[in-house]
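Coordinates in review
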Amino acid sequence: GVPRASVPIRDERGELLGVSLRRTDGDEEPRYVLSHKFPKDLVLYNLYRAKQMGGTVILVEGFKACWALHEAGYSNVVACMGSVLTDGQFHLLVNSGVNRVVLLLDGDGAGRDGTVASSAKLHKAFQTTVISLPDNKSPDDFDRVELNEYVALFV
């Protein structure tokens, strides 16, 4: 079989919904396999923890970006598990008590398109700040010091 790391996925209350199995031997598809079917467009990874940190969340694409920011000292990070915030995820944020979103999607084509679509949605309900990364970079491509250079001024 393919070696995979297990990533528990919880809802906004902390209830376990399933496990995402992330390929650990490269980026060939499928990189992720879900253990249970759940509506991914209605879940924000780490929201149940991030909303406890106060009124601001940092929104990233994936688990690894979320972990990189956490390691850099930011516990208020959520991942949309894709390159764009869905309507269901938007409504989760609206109902979470968050009032500010820092959008930090990847610097590739999908991330840039997702930034445009997601920021248009977020501006309807939140104070929104967009952080642009260099071309083809994601938050987990940087060490803690470099990541703080991008994030600290905006959070």
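Structure shown above.
Below: a short report on this structure. On a predicted model such as this, the values are computed, not experimentally measured, just so you know.

A few words now on the pattern of salt bridges. On inspection of all chains with the given rule, the structure shows six salt bridges. With its nearest N and O atoms 3.1 Å apart, the salt bridge here joins Asp87 to Lys121. Of this pair, Asp87 sits in helix α3 (residues 87-94) while Lys121 sits in helix α4 (residues 109-122), and the two are 34 residues apart along the sequence. Taken together, the shared-partner salt bridges connect Asp11, Glu12 and Arg13 into one network.

One pass over the full model with this rule turns up five aromatic pairs. Relative to Phe126, the ring of Phe90 has its centre 6.0 Å away and its plane inclined at 85°; by these criteria the two rings are edge-to-face. Of this pair, Phe90 sits in helix α3 while Phe126 sits in the loop between α4 and β7 (127-130); the two residues are 36 residues apart in sequence, bridging distant segments of the chain. Assessed through its relative accessible area of 10%, Phe90 is described here as buried. For Phe126, a relative accessible area of 6% puts it in the buried group. A centroid spacing of 5.0 Å and a plane angle of 50° characterise the contact between Phe142 and Tyr150, whose relative ring orientation is tilted. Members of the aromatic cluster, each reached through a chain of ring pairs, are Tyr32, Tyr45, Phe63 and Trp67.

Rules and cut-offs
Numbering of residues starts from 1 in each chain and follows the order in which that chain's sequence is written. Residues qualify for local features only when their pLDDT is at least 70, as the model is predicted, and side-chain atom pairs are given and counted only at 80 or more; totals for whole chains, interfaces and linings, by contrast, use all residues. Processing note: side-chain calculations cover all non-hydrogen atoms of the structure and skip hydrogens and water entirely. Between Lys or Arg on one side and Asp or Glu on the other, a salt bridge is scored when a side-chain nitrogen of the former is within 4 Å of a carboxyl oxygen of the latter. Every helix listed is a DSSP run of H or I at least four residues long, and every strand listed is a run of E at least two residues long, numbered separately from the N terminus. Side-chain rings of Phe, Tyr and Trp (the six-membered ring for Trp) are treated as a pair once their centres are within 6.5 Å; stacked means planes under 30 degrees apart, edge-to-face means over 60, and tilted covers the remaining angles. Buried residues are those whose accessible area, probed at 1.4 Å on protein chains only, stays under 20% of the maximum for their type, while exposed residues exceed 50% and partly exposed ones sit between those limits.

Just distances and angles here, no functional claims.
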